[in-house]
Amino acid sequence: MSTASLVTTKAGTKLNAKTASTPPAKASARKAHAPKVGFVSLGCPKALVDSERIITRLRSEGYEVAGDYKGADVVVVNTCGFLDSAKQESLDAIGEAIAENGRVIVTGCMGVEEARIRGVHPDVLAVTGPHQYEQVVSAVHDAVPPLHDPYVDLVPPEGLHLTPRHYAYLKISEGCNNRCSFCIIPSLRGDLVSRPANQVMAEAERLVKAGVKEILVISQDTSAYGLDIKYAESAWKGEPLKARFLDLTRALGDLGAWVRLHYVYPYPHVDDVIPLMAEGKILPYLDIPFQHASPAVLKAMRRPAHQEKTAARIAAWRKVCPDLALRSTFIVGFPGETEEDFQMLLDWLKEARINRAGCFKYEAVEGATANSLPGAVPEEVKEERWHRFMAAQQKVSAALLKERIGRTIPVLIDEVDDEGSIGRSQWDAPEIDGSVYLNGETALKPGDIVSVRVTESDETDLWAEVA
Ligand code: SF4
């Protein structure tokens with residue numbers, strides 16, 4: 001049985017050098033080729049546990065732990081940032097690893113001071129903060145790719161997805177801080193928990209490298225991203241990246257794929273992403289579940305941002321980005337909704353020119369606070385309002401689609417059969433919006449992006465020919 005120890009630095013006893021045993025069978029099979037990682041672990045027991053966790057993950061991927069600097073393909077230095085003396089010790093340990101090996105990844109508490117580390121040691125390969133296991137492991141992968149493992153490699157690097165290869169959903173947070181009266185999601189999933197920005201970016205980059213052409217950003221409340229973690233910075237490609245709606249959206253836009261934003265609430269800071277749409281960095285598309293337009297109903301629903309003057313906001317957005325498409329969902333027959341409220345919704349729909357809308361007849365959900373609201377709307381009234389809503393929406397949608405005729409636009413192909421291809425424009429999300437039909441185009445492939453000229457429209461779809 002071979003024993004591989006962590007790198008012991010010249011600082012010797014100052015470090016938590018420990019041994020990690022390598023299971024014999026796998027070790028002998030891989031010994032000649034397995035990539036080796038040196039590990040220097042500084043600081044408290046919590047940091048040591050972090051190191052153990054990273055080593056465990058790397059071992060499970062076939063990496064071996066190097067016993068000295070010379071035998072390591074890359075060295076991870078897990079730093080301490082508690083006191084100035086600990087920071088200096090961390091900088092010294094990084095310097096020693098660079099001098100002895102040259103290929104160094106820094107993680108741990110001092111990782112939050114990336115600029116300071118890079119100021120002293122500009123050659124470090126990557127800097128990640130405490131508890132950023134995924135980022136450290138991914139930095140090791142970048143520095144020394146893992147061995148091919150026929151079992152592990154059955155799972156592609158971007159993970160397994162239930163969507164077609166060319167688009168994927170990217171979840172940026174879980175839970176919700178709002179308490180809409182008709183919804184029980186916060187009681188099921190808890191308050192907002194945002195993922196660190198670099199973790200989201202690493203996943204998005206893996207998806208794009210695997211051939212994904214369109215990233216659909218989702219969460220319960222996308223524009224609230226980062227609020228719970230105070231917009232914490234994390235290191236992405238050597239630069240700090242804030243966990244903030246605008247910053248993340250901009251970084252995603254740099255990956256070169258289509259980026260579509262879902263479940264955005266019209267908080268004031270949403271205005272800031274509209275110029276990114278006008279520049280073509282992200283798709284000119286916002287999915288905002290408005291649910292209603294009457295202030296009384298929105299208040300009873302306890303909707304976030306319900307006080308915003310949304311029709312005026314939308315008009316201002318379209319001044320900046322005339323191509324902006326809006327998708328939304330609405331509820332008719334909410335308790336207390338009067339005919340005036342409903343009429344206000346229809347008028348607003350026409351004024352705001354909502355491109356795509358889904359409409360639900362209100363239903364009580366067990367456990368929702370709206371169940372105790374007075375003014376239940378009779379089922380037949382809900383039904384009648386639903387039909388009026390859909391008729392009004394179809395008119396708006398048909399008029400907006402008609403304006404596309406004659407334009408040359410990019411289309412992402414979803415399906416191809418022997419009659420032609422079906423794709424989507426930048427204004428259409430998969431499954432919920434419309435399609436662009438390219439009759440007779442049988443030589444295309446799903447995932448192709450082609451330039452087409454729009455020739456026809458109805459209230460849902462477009463028809464076009466390759467330009
Ligand atoms: S409807 Fe959406 S915003 Fe409102 S509580 Fe539910 S998940 Fe949160």
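Values in this document were obtained by computation on a predicted structure and should not be read as measured data.

Chemist: How would you sum up the overall build of the protein? Please name residues and give values.
Modeler: Within the protein one finds 13 helices and 22 strands. Out of the 467 residues belonging to the protein, those deemed buried represent 51%. In the protein, of all internal contacts separated by at least 6 residues, the share reaching a separation of at least 24 is 72%. Of the roughly 21700 Å² that the protein leaves accessible, carbon and sulfur atoms contribute 56%.

Chemist: Can you break down the layout of surface pockets residue by residue, with the values?
Modeler: Size it by volume and the second largest pocket reaches roughly 640 Å³. Taken together, 24 residues make up the lining of the second largest pocket; nearest its centre are F182, I185, P289, Q291 and T329. Among the secondary structure elements, those contributing two or more residues to the lining of the second largest pocket are α6 (185–189), β16 (325–332) and β17 (356–361). No other element matches the 3 residues that β16 contributes to the lining of the second largest pocket.

Chemist: Talk me through empty space enclosed by the protein; I want residue IDs and the actual numbers.
Modeler: Counted by the stated rule, this structure contains 3 cavities of 30 Å³ or more. Around the largest cavity sit A325, N355, R356, S397, L400, L401, R404, W427 and D428, which together line it. A total of 3 residues in the lining of the largest cavity trace back to one element, the largest contributor, which is helix α13 (residues 379–402). If you add up the space inside the second largest cavity, you get close to 50 Å³. In terms of lining, the second largest cavity is formed by V37, F39, I55, L58, R59, Y63, E64 and V65. The set of elements that each furnish at least two residues to the lining of the second largest cavity consists of β3 (36–41), α2 (45–60) and β4 (64–65).

Chemist: Which residues make up the nonpolar core, and what values go with them?
Modeler: Grouped together as the largest cluster of nonpolar side chains are 54 residues, with contacts concentrated most on L261, M277, L286, W317, W348, I354 and F389. Excluding residues that lie within four positions of it along the chain, W317 makes contacts with P266, V270, D271, I274, L286, I288, L324 and L326. Core analysis: the second largest hydrophobic core is formed by 21 residues, Y167, W427, A429 and L462 among them.

Chemist: Outline the site of the ligand, listing residues and values.
Modeler: What surrounds the ligand is the set C176, N178, C180, F182, C183, I185, P186, Q220, Y265 and R303. Because more than half of its atoms lie within 2 Å of the grid, the ligand is assigned to the second largest pocket. Class assignment for the residues of the shell around the ligand results in 7 nonpolar, 2 polar and 1 charged.

Chemist: Before we move on, can you summarise the sheet that holds strand β5 (residues 74–79) with the specific residues and values?
Modeler: Read across the sheet, 5 strands follow the order β4-β3-β5-β6-β7 without closing on themselves; strand pairing throughout is parallel. Bordering the open sheet on either side are β4 and β7 (126–127), each of which pairs with just one other strand. Where β3 meets β5, 5 bridges bridge the pair, whose relative direction is parallel. Residue pairing for β5: F39 is matched across the bridge by V76. This element, helix α3 (residues 84–100), spans β5 and β6 (104–108) of the sheet and lies at about 175° to β5. Seen against the sheet, helix α5 (residues 133–143) touches β3, β5, β6 and β7 and runs at an angle of roughly 180° to β6.

Chemist: Account for the environment of L283, naming residues and giving values.
Modeler: Topologically, L283 is positioned in the loop between α9 (274–278) and β15 (285–287). Exposure remark for L283: the relative accessible area of 3% places this residue in the buried category. For the pair formed by L283 and D323, sequence separation is 40 residues and the distance between their alpha carbons is 9.5 Å. Not counting residues within four places of it along the chain, the set of residues in contact with L283 comprises E214, W258, V259, R260, M277 and Q426.

Chemist: Describe the pattern of salt bridges, naming the residues involved and giving the relevant values.
Modeler: Following the criterion strictly, the structure yields 30 salt bridges and no others. With its nearest N and O atoms 2.7 Å apart, the salt bridge here joins E339 to R388. Residue E339 is found in helix α12 (residues 339–352), and its partner R388 is found in helix α13; the two are separated by 49 residues along the sequence. A relative accessible area of 32% means that E339 is categorised as partly exposed. Salt bridges sharing common partners tie together E337, E339, E384, R385 and R388.

How each quantity is defined
Residues numbered from 1 in each chain as written. Predicted model: local features only at pLDDT ≥ 70, side-chain atom pairs only at ≥ 80, totals over all residues. Heavy atoms only, no water. Helix = DSSP H or I, 4+ residues; strand = E, 2+ residues; numbered from the N terminus. Buried < 20%, exposed > 50% of the residue type's maximum accessible area, 1.4 Å probe, protein only. Contact = heavy atoms within 4.5 Å. Areas by Shrake-Rupley, 256 points an atom, 1.4 Å probe, with all protein chains shown as cover. 1 Å grid on protein atoms, 1.4 Å probe; cavity = no way out; pocket = protein on both sides within 12 Å on 5 of 7 lines; lining within 4 Å. Points joined across faces, edges and corners; volume = space filled by probe spheres on them. Core = buried A, V, L, I, M, F, W, Y, C linked by side-chain atoms within 4.5 Å. Near = heavy atom within 4 Å. Sits in = over half its atoms within 2 Å of the grid points. Nonpolar A, V, L, I, M, F, W, Y, C, P; charged D, E, K, R; others polar. Pairing = 2+ DSSP bridges. Axes fitted to C-alpha atoms, helices over the stretch in contact; angles between N-to-C directions. Salt bridge = Lys/Arg side-chain N within 4 Å of Asp/Glu carboxyl O.

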